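# Report on the structure
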Amino acid sequence: MESASALDANEIESHKVTQYLVNGNTQEPIPLKSILFNVNISHTVASYEVVQSFSNVEENPIETEYVFPMDVRAAFHRMVFKYGDVELESKIMDKNKAARKFEYAISEGKTAAKVDYNTNNDDLLRLAVGNIPPKTDVEVKMYFDVALTIEDLSWCFNIPTRFTPRYVMIADRVESLEHDISELSQTTQSCISANEKPYTWDVNIQISTESPLTRLVSRYHKVTPTISEDRREAKMVLTEPVVPYRDFELLFRDSELNKPAVYIQNSADQSETAFMVSYFHDQTTEKEQDSLQQVTESEGIDTIADTKYDLEQDLDRQDGAKDEYVFLIDRSGSMDGRIKLARETLELFLHSLPEDSLFNVVSFGSHHQLMFPESVEYTDENLTTAVSQIQNFQADMGGTEILSPLLDIFTKSPPESFKRHVFLLTDGAVSEVSNVIEAVKENREVNTVHTFGIGDGASRELIVGASQA
């Protein structure tokens, strides 16, 4: 198993990256039978196993490839590949050595598997398997650990189920691979829907907390929870297995959410010790605290998915300073099907701006354009002009090049006595993620960047990375 390896543009194009296991010779999808997530959440850390079952229906041995999404913050540390009675356990080694061993095993007619990170996109892993015997079922198990994040004043565990094709810059020209990838994805989807027994997707979660749970919610999927009498342990399963249609997101709180904690873990051979400090500073308003208290007093534990804990705050600053708001909206081809949501989100932001502020809107794809030559005052007339133009926005600006418009914004200083906020609305379908995050980090003293992932499959690496830069 490689620890890191890059997929260049030519590799992506020739392999036609997909989220399914694919026959390397014919590019046809191998039937996916099921996906199972076994998750164990202890305090603020989740350890989970992903079990994917495939079936090689071919008459001959085949070579396969598979690029799939993962949480950008998760640590992938183990893989087990099983076919028939044979089970292969992964080993971490130098990427060049791993590549040589893999190729040698394949040339000898042996079955071998290799996993590596795509260094351009840390939220994608690539699996290659060679010489899968004919008429054989295949099981791939992958193991991850991840520290939980905070969403809506609760701990959040997320399982990404889809990913967006990445836009890649090649030499001096820009080329989008979205057509080839989309075409293959449609072929795969039709193949699955035509199957009498489509693959199933199931989730089993066990949660252990130091104090009683006060909230346990699945945002988008129906689940069946079982909660212990002391409310310190819980189990959750999907009410029924489904074909994945969007990310799985679990939110939970316990009564000591804001209590600092230190976790210590020794390595297997006791040679190393790791420490993790967990601290969530409670910044809830008095109104929010009253709302939370009412929920826990009346229900004991909140399992209502529509409950919102983080009440909307006015964007107006409390220190009397003035702000400039620059909205950077993705209008690339990958936003097709999402652009309506992006338009509505942008309009909502514009209607929420404080008085005495400045604003501008920058559209981008393979090029970018400003709505106004420079930021304008937030007046009824300028708002009406902006909304009128936004309503005509389409996903018609080519590939997704975020870095250039960002640098264009950063090179211009905000007006004197104004603080600049940049709101980035995108699906993050770009290969230059590390460069974008670095640019945000280098310019954070003058520019505060807020990122919003539009639609399912938005690149968590870009959205999370840029917001934390």
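For the structure given in this document, a descriptive report is provided here.

### Observations regarding the overall build of the protein chain
- Looking only at helices and strands, one finds nine helices and 26 strands in the protein chain.
- Put simply, the protein chain has 469 residues, and 49% of those count as buried.
- In the protein chain, of all internal contacts separated by at least 6 residues, the share reaching a separation of at least 24 is 75%.
- Roughly 23300 Å² of accessible area belongs to the protein chain as shown, and the carbon and sulfur atoms make up 46% of that amount.

### Digging into the packing of helix 5 (residues 339-351) against helix 6 (residues 380-390)
- Where helix 5 meets helix 6, the closest approach of the two axes is 10 Å, and the angle between their N-to-C directions is 175 degrees. In terms of orientation, helix 5 lies roughly antiparallel with respect to helix 6. In this structure, helix 5 uses Arg343, Leu346, Glu347, Leu350 and His351 to contact helix 6, whose residues at the interface are Leu383, Ala386, Val387 and Ile390.

### Description of the sheet that holds strand 14 (residues 200-208)
- On the basis of which strands lie adjacent, the open sheet formed by eight strands has the order 6-5-9-3-2-14-17-16 and mixed pairing. Whereas interior strands pair on both sides, the edge strands pair on one side only; in this sheet they are strand 6 (86-89) and strand 16 (223-227). Here the average twist between neighbouring strands, direction ignored, is 15 degrees.
- Bridge count between strand 16 and strand 17 (residues 233-238): five bridges; the pairing is antiparallel. Along strand 17, the bridge assignment pairs Pro225 with Met236.

### Some remarks on the environment of Ala342
- Looking at where Ala342 falls in the secondary structure, it is placed in helix 5.
- Judged by relative accessible area, which is 0%, Ala342 ranks as buried.
- With 13 residues separating them in the primary sequence, Ala342 and Ile329 have C-alpha atoms 7.4 Å apart.
- Excluding its chain neighbours within four sequence positions, the residues that come into contact with Ala342 are Ile329, Met335, Leu425 and Ile454.

### A closer look at the nonpolar core
- If you look at the biggest cluster of nonpolar residues, it comprises 48 residues, and the most contacted ones within it are Ile41, Phe144, Phe157 and Leu250.
- Counting residues in hydrophobic clusters, the runner-up holds 24 residues, among them Tyr325, Ile329, Val376 and Phe393.

### Concerning the pairing of strand 19 (residues 261-266)
- Burial of strand 19 is sparse: only zero of the six residues sit out of reach of the surface.
- Sheet analysis places strand 19 next to strand 20 (residues 273-278), joined by six bridges and oriented antiparallel. Counterpart to Ile264 in the pairing with strand 20 is Phe275.
- The hairpin formed by strand 19 and strand 20 contains six residues between the paired strands, and Gln270 there has a positive phi angle of roughly 65 degrees.

### Quick word on the packing of aromatic side chains
- According to the stated counting rule, one finds 14 aromatic pairs in the structure shown.
- Relative to Phe423, the ring of Phe349 has its centre 5.2 Å away and its plane inclined at 50 degrees; by these criteria the two rings are tilted. With Phe349 in helix 5 and Phe423 in strand 25 (residues 418-426), this residue pair connects regions lying 74 residues apart in the sequence.
- Take Phe349: its relative accessible area is 15%, and that puts it in the buried class.
- The class for Phe423 is buried, based on a relative accessible area of 4%.
- Pairwise contacts between aromatic rings join Tyr325, Phe327, Phe349, Phe423 and Phe452 into one cluster.
- Arg78 extends its terminal NZ or CZ atom over the ring of Tyr143, reaching a point 4.6 Å from the ring centre.
- Directly above the ring of Phe102 sits Lys114, whose terminal nitrogen or CZ lies 5.4 Å from the centroid.

### Section: helix 9 (residues 460-468)
- The buried count for helix 9 comes to seven of nine residues, which makes it a mostly enclosed element.
- When we look at burial in helix 9, the residues that qualify are Arg460, Glu461, Leu462, Ile463, Val464, Gly465 and Ala466.

### Overview of the packing of helix 8 (residues 433-442) against helix 9
- Where helix 8 contacts helix 9, the two axes come as close as 9 Å, and the packing angle between them is 15 degrees. Between helix 8 and helix 9, the interaxial angle falls into the category roughly parallel. The two elements helix 8 and helix 9 meet at a crossing, and its hand is right-handed. For the pair formed by helix 8 and helix 9, the contact residues are Val433, Val436, Ile437 and Val440 on the first element and Glu461, Leu462, Gly465 and Ala466 on the second.
- Residue classes in the contact of helix 8 with helix 9 are distributed as six nonpolar, one polar and one charged.

### Remarks on the sheet that holds strand 18 (residues 248-254)
- Pairing within the open sheet is antiparallel, and its four strands lie in the order 10-11-18-15. Looking at which strands have only one partner, the edges of the open sheet turn out to be strand 10 (149-151) and strand 15 (213-218). Taken over all neighbouring pairs, the strand axes of this sheet differ in orientation by 35 degrees on average, direction set aside.
- Of the pairings in the sheet, the one linking strand 11 (residues 154-159) to strand 18 comprises five bridges and is antiparallel in character. Its bridge partner lying in strand 18, Phe157 is registered against Leu250.

### A short note on the pattern of salt bridges
- With the rule as written, the count across this model stands at eleven salt bridges.
- Here Lys141 ties to Glu139 by a salt bridge, and the two come within 3.8 Å at their closest N and O atoms.
- Residue class for Glu139 comes out partly exposed when judged on its relative accessible area of 24%.
- One salt bridge in this structure joins Asp408 and Lys412, with 4.0 Å as the shortest N-O distance.
- Using a relative accessible area of 24% as the deciding quantity, one classes Asp408 as partly exposed.
- What emerges from the salt-bridge pattern is a single network uniting Asp152, Arg215, Arg219, Glu249 and Asp302.

How each quantity is defined
- What you see as residue numbers is a count from 1 along each chain, following the sequence as written.
- In keeping with the model being predicted, local features are shown solely for residues with a pLDDT of at least 70 and side-chain atom pairs are shown and tallied solely at 80 or more, while totals for entire chains, interfaces and linings include all residues.
- Calculation of side-chain values draws on the structure's entire complement of heavy atoms; hydrogens and water are dropped beforehand.
- We count a stretch as a helix when DSSP gives it H or I for four or more residues in a row; a strand needs E for two or more, and each element gets its number in order from the N terminus.
- Relative accessibility decides the category of a residue: with a 1.4 Å probe and only protein chains considered, values under 20% of the type maximum give buried, values over 50% give exposed, and everything between is partly exposed.
- Whether two residues are in contact is decided by their heavy atoms, any of which lying within 4.5 Å being enough.
- All accessible areas in this document rest on Shrake-Rupley with a 1.4 Å probe, and a residue is counted as covered only by the protein chains that are shown.
- Orientation is described by lines fitted to C-alpha atoms, with helices fitted over the stretch in contact, and by angles between N-to-C directions that extend from 0 to 180 degrees.
- Put simply, angles under 35 degrees are roughly parallel, angles over 145 are roughly antiparallel, angles from 65 to 115 are roughly perpendicular, and the rest are oblique.
- A pair of strands is considered paired only if DSSP assigns at least 2 bridges between the two.
- By nonpolar core is meant a set of buried Ala, Val, Leu, Ile, Met, Phe, Trp, Tyr and Cys residues that side-chain atoms within 4.5 Å join together.
- Stacked, tilted and edge-to-face are the three classes applied to pairs of Phe, Tyr and Trp rings, where Trp contributes its six-membered ring and a pair requires centres within 6.5 Å; stacked means planes under 30 degrees apart, edge-to-face means over 60, and tilted covers the rest.
- Lysine and arginine charges are scored as sitting over a ring when NZ or CZ, respectively, is within 6 Å of the ring centre and within 35 degrees of the ring normal.
- Helix crossings fall into two classes, left-handed where the near helix is turned counterclockwise from the far one by less than a right angle and right-handed where it is turned clockwise.
- Amino acids outside the nonpolar list (Ala, Val, Leu, Ile, Met, Phe, Trp, Tyr, Cys, Pro) and the charged list (Asp, Glu, Lys, Arg) are all regarded as polar, and Gly is one of them.
- We define a salt bridge as a contact between a side-chain nitrogen of Lys or Arg and a carboxyl oxygen of Asp or Glu at a distance within 4 Å.

Structural measurements only, silent on function.
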